[in-house]
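Listed here are the chains, written in short residue letters.
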Amino acid sequence: MGRFIFRIVLFLSLFVSVAGQSIRAVDSFSSGEEKKYQVTYGESYHNYLPGSLLRIGVVFKNNSSENLKISQSLLVVDSAGVKVWDTVINLELLPSGGVTIPLMVPVPKLAGTFKLTIDEGENGNNASTPSFVFNVIQPKKSPRLSKLLVHTPDSEEGLSKFLKTWDIKAPELSWGQVLLLGKKSWTQYVAGEKDISLLVDRALKREMSVIFTDIAPTDKDEDHLTKITLPYGVSVRFIKAKSPEQSFVLKSDYKELIFDFTANKMQPWNGYFGITVPATDLRFEGTKVKINAYATTGENPYRFPLVELIPKDAKGKVYLSQIITDGRLDESVTPPRNHPELPAYDPAAVQFLLNLISATVGDNLLK
């Protein structure tokens, strides 16, 4: 599994560096008719808790052959264009010189979408005005989720901590409506370990929903992936895709799944270079089950990283999610600066997993 993740991160570093260059080129501003200086933004996370801090580098580049004294206003506006924060950067640039100003922006205390930009009073409505869009998200449980209990094995330390934090943990399987399994459990299940297989069987016989999160190939030779046997006589293979994905779209038909999101399209999440779906597709075989897609990927709408398996003549439901939440659920995870490839907390990932749990439970399981 570690080798697989390493190869993903190595590939993504190349994938994102190319994409990132084109983004930064758009997010630039040249001052005056002679385009004497240019402003661009560096990399930063896009999702924040209310009242946290956004750290970002603002780059000033002198395009002229003379010294420039600059007094540049920067501000944060909400989705309605109302200013919620501002500051002024004063500096002097040498001919053809440049400097990066490390900026720390206080994140608004209210949820919403915001934009760090240049004062439009100076720049008018110029399409080249640089902007950095970020979201402020305060995760919350839906009313439906507040009625549920979820069980996870003790070996899933991260998920156990997550469930305890949100007060939805069931100490015993018989207490819960959902069995939540992560990467460790998936590896054990694929390897055919009896304890995890029996746990899944027990949950399904109780008509529970079984969720596998962060599923990925476990083969050492990733060029010859084996067929994995699932419940209900279904099997799945991982097929290599052209590239990983930084965004995905939740099906709006499932209201619990999009609870408290302002849009059903998920933009790049924090950490792992913003990648949310790895470069593998799922291919299923089996006839006694109905397969529903809960999400599609942003660039290729024919990739389905989140699916529901409903048996035609058996109990329970199984959910398989490739969407990368591991390392993004714990608020204490704070990677070193300038390491966008490392995992990082993301409140959007937290809201997604809360919503997924809620969306998998039918009215028949509500207590």
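Quick look at the structure, then. Note that the structure is predicted; figures quoted are calculated from it, not measured. (Residues numbered from 1 in each chain as written. Predicted model: local features only at pLDDT ≥ 70, side-chain atom pairs only at ≥ 80, totals over all residues. Heavy atoms only, no water.)

1. Some thoughts on the overall build of the protein
When its secondary structure is counted, the protein shows six helices and 20 strands. Within the span of the protein, comprising 367 residues, buried residues form 48% of the whole. Expressed as a percentage of contacts within the protein between residues at least 6 apart in sequence, the contacts between residues at least 24 apart total 67%. When the accessible area of the protein is evaluated, it comes to approximately 18,000 Å², of which 53% is carbon and sulfur surface. (Helix = DSSP H or I, 4+ residues; strand = E, 2+ residues; numbered from the N terminus. Buried < 20%, exposed > 50% of the residue type's maximum accessible area, 1.4 Å probe, protein only. Contact = heavy atoms within 4.5 Å. Areas by Shrake-Rupley, 256 points an atom, 1.4 Å probe, with all protein chains shown as cover.)

2. Here we look at the packing of aromatic side chains
Scanning all chains against the criterion turns up 10 aromatic pairs. Taking the centre distance of 4.0 Å and the plane angle of 25° together, the rings of Y254 and Y294 count as stacked. Here Y254, found in the loop between β15 (248–250) and β16 (265–266), pairs with Y294, found in strand β18 (residues 289–297); they are 40 residues apart in sequence, far enough to count as distant. For Y254, a relative accessible area of 24% corresponds to the partly exposed category. Among the residues examined, Y294 registers a relative accessible area of 2% and is labelled buried. Arranged with centres 5.9 Å apart and planes meeting at 55°, the rings of W269 and F352 form a pair that is tilted. Taken together, the residues span a long stretch of sequence, with W269 in the loop between β16 and β17 (280–285) and F352 in helix α6 (residues 347–359) at a distance of 83 residues. Grouping residues by exposure puts W269 and F352 together as buried. Every member of this aromatic cluster is reached through a ring pair, and the members are W186, Y189, F212 and F238. (Phe/Tyr/Trp six-rings, centres within 6.5 Å; stacked < 30°, edge-to-face > 60°.)

3. A closer look at the pairing of strand β9 (residues 131–136)
In the sheet, strand β3 (residues 47–48) pairs with β9 via two bridges, with the strands oriented parallel. Considered in β9, the bridge of Y48 is made with V136. Sheet topology places strand β8 (residues 112–118) next to β9; six bridges connect them, and they run antiparallel. From the neighbouring strand, G112 faces β9, where its bridge partner is V136. (Pairing = 2+ DSSP bridges.)

4. Quick look at the packing of helix α3 (residues 157–165) against α6
Closest axis-to-axis distance for the α3/α6 pair is 12 Å, and the angle between their directions is 80°. Considering the angle they form, α3 stands roughly perpendicular to α6. Along the contact surface, α3 presents L159, F162 and L163, while α6 presents V350, L353, L354 and I357. Looking at the contact of α3 with α6, its residues break down into seven nonpolar, no polar and no charged. (Axes fitted to C-alpha atoms, helices over the stretch in contact; angles between N-to-C directions. Parallel < 35°, antiparallel > 145°, perpendicular 65-115°, else oblique. Nonpolar A, V, L, I, M, F, W, Y, C, P; charged D, E, K, R; others polar.)

5. Some words on the pattern of salt bridges
Summed over the entire model, instances satisfying the criterion amount to nine salt bridges. When the shortest N-O distance is used, the salt bridge between K83 and D86 registers 3.3 Å. Two residues, R303 and D281, come together in a salt bridge whose shortest N-O distance is 2.4 Å. On the criterion of sequence distance, the pair formed by R303 in the loop between β18 and β19 (306–311) and D281 in strand β17 is long-range, its members being 22 residues apart. Given the relative accessible area of 11%, D281 is considered buried. (Salt bridge = Lys/Arg side-chain N within 4 Å of Asp/Glu carboxyl O.)

6. Focus: the sheet that holds β19
Read from one edge to the other, the open sheet built from eight strands follows the order β10-β11-β12-β20-β19-β18-β15-β16, with strand pairing classed as mixed. Two strands in the sheet have a free side with no partner beyond their single neighbour: β10 (150–151) and β16. Bridge analysis of strand β12 (residues 209–212) against strand β20 (residues 317–321) gives four bridges, and the strand direction is parallel. Directly across from V210, in β20, lies its bridge partner V318. Against the sheet, α6 touches β10, β11 (178–181), β12, β15, β18, β19 and β20, its axis set at about 145° to β11.

7. Focus on the environment of I239
Along the chain, the position of I239 falls in strand β14 (residues 235–240). Taking the C-alpha atoms as reference points, I239 and L282, 43 residues apart in sequence, are found 6.2 Å from one another. Ignoring sequence-local partners within four residues, the contact set of I239 consists of A279, T280, D281 and R283.

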